[in-house]
Amino acid sequence: MGTDWSLHAVSPHPGAAEGVQAALDLVVAQMSQWEAQSDLSRFNRSAAEAWHEIPVEFAHVVEAALQIARASDGAFDLGLGHLTEAWGFGSAGPIEAVPEHAGALDRTIDFDPATRRIRRSEGAALDLSGIAKGYGVDLAAERLLANGIRHFLLEVGGELRGEGIRPDGQPWWVDVEMPPTSSIPPWRIALHDLSVATSGNYRRGFSAGGTHYSHSFDPATGRPIVNGVASVTVLHRDCMMADGWATALTVLGPDAAIAVADAQGLAACVVAGDREHVSRAWRAMLD
């Protein structure tokens, strides 16, 4: 995943760290855009319009991604793989010049949950980088819980899930990272059986011709977003959903993001410049 992970746990068994690593390795083996032999990479190299059966975990993430895509009116697009590669955010690495074309408009991914089969249109290639890391957190967390570890804070590349409490009786307190250009003080959140994910446009991107290009794409234009959003933080029971929704809300822009978050009952905070936009569910958690 190109990042690291950490675990703070109360009375963990000796194999806890290995269990976390095994869960993350499974996600990479199935859903990595950078591993040539992953299930996702092999699917992207396969013939378009052909159905392929995928593993249970992979299917779970695809189904969630499609759910967010529908609920966000396409702001989350799991078929953007060709675009992310063309703009230098995929396995091929950085580019030196801005692509001339936005790419194919038909990026359809079909999924049959009954048979766990997927297929893609000619212009589509799977890219689950906006949701798979959060799922990795959940998969590792569920394995910890299944092995009797009830109190822990797990972090993978800035996505976190807290279960239970600390030994001193306090919840797992974490600070939300704010964009470096913002003067807004960070939120401090109690992760008690809760996950948090932040999508920050200041972390990845590239500059060309005096313009900075975000790693977040607007599916409607096929180009990096230019809506002024610097970061989006989402709280959710499942880190996968927090991760995916943080990606979708980033694309929507401040006002539309909060409208969708309110409609979906999401606790979300959008930072644009020095202004903070928060959803009703976020404000309710302050009481």
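Residues numbered from 1 in each chain as written. Predicted model: local features only at pLDDT ≥ 70, side-chain atom pairs only at ≥ 80, totals over all residues. Heavy atoms only, no water.

Chemist: Please provide a residue-by-residue account of the pairing of strand β7 (residues 172–175), values included.
Modeler: Burial along β7 is one-sided: Trp172 and Val174 are buried, while Trp173 and Asp175, pointing the other way, are not. Pairing geometry for β7 and strand β8 (residues 188–191), over four bridges, is antiparallel. When the bridges of β8 are listed, Trp173 appears paired with Ala190. (Buried < 20%, exposed > 50% of the residue type's maximum accessible area, 1.4 Å probe, protein only. Helix = DSSP H or I, 4+ residues; strand = E, 2+ residues; numbered from the N terminus. Pairing = 2+ DSSP bridges.)

Chemist: Could you give an account of helix α1 (residues 16–31), naming the residues involved and the relevant values?
Modeler: With 16 residues, α1 should cover 22 Å at 1.5 Å per step; its first-to-last C-alpha distance of 23 Å lies within 8% of that length. Taken as a whole, α1 has its buried residues at Ala16, Val20, Ala23, Leu24, Val27, Gln30 and Met31. One face of α1 carries all of its buried residues, which in axial projection span an arc of 130°. Buried residues in α1 make contact with β1 (5–9), α2 (39–45), α3 (56–71), α5 (132–146) and β5 (152–156). (Expected span 1.5 Å × (residues − 1). Arc of directions from axis to C-beta. Contact = heavy atoms within 4.5 Å.)

Chemist: Explain unusual backbone geometry to me, and be specific about the residues and the numbers.
Modeler: A positive phi is found at Asp73, a non-glycine position, where the angle reads about 55°. Judged by relative accessible area, which is 72%, Asp73 ranks as exposed. The backbone of Arg116 sits at a positive phi, close to 55°, despite the residue not being glycine. Looking at the element boundaries, Arg116 is found in the loop between β3 (109–112) and β4 (117–120). Judged by relative accessible area, Arg116 falls into the partly exposed class, the value being 28%.

Note that all results are geometric; they support no functional claim without further evidence.
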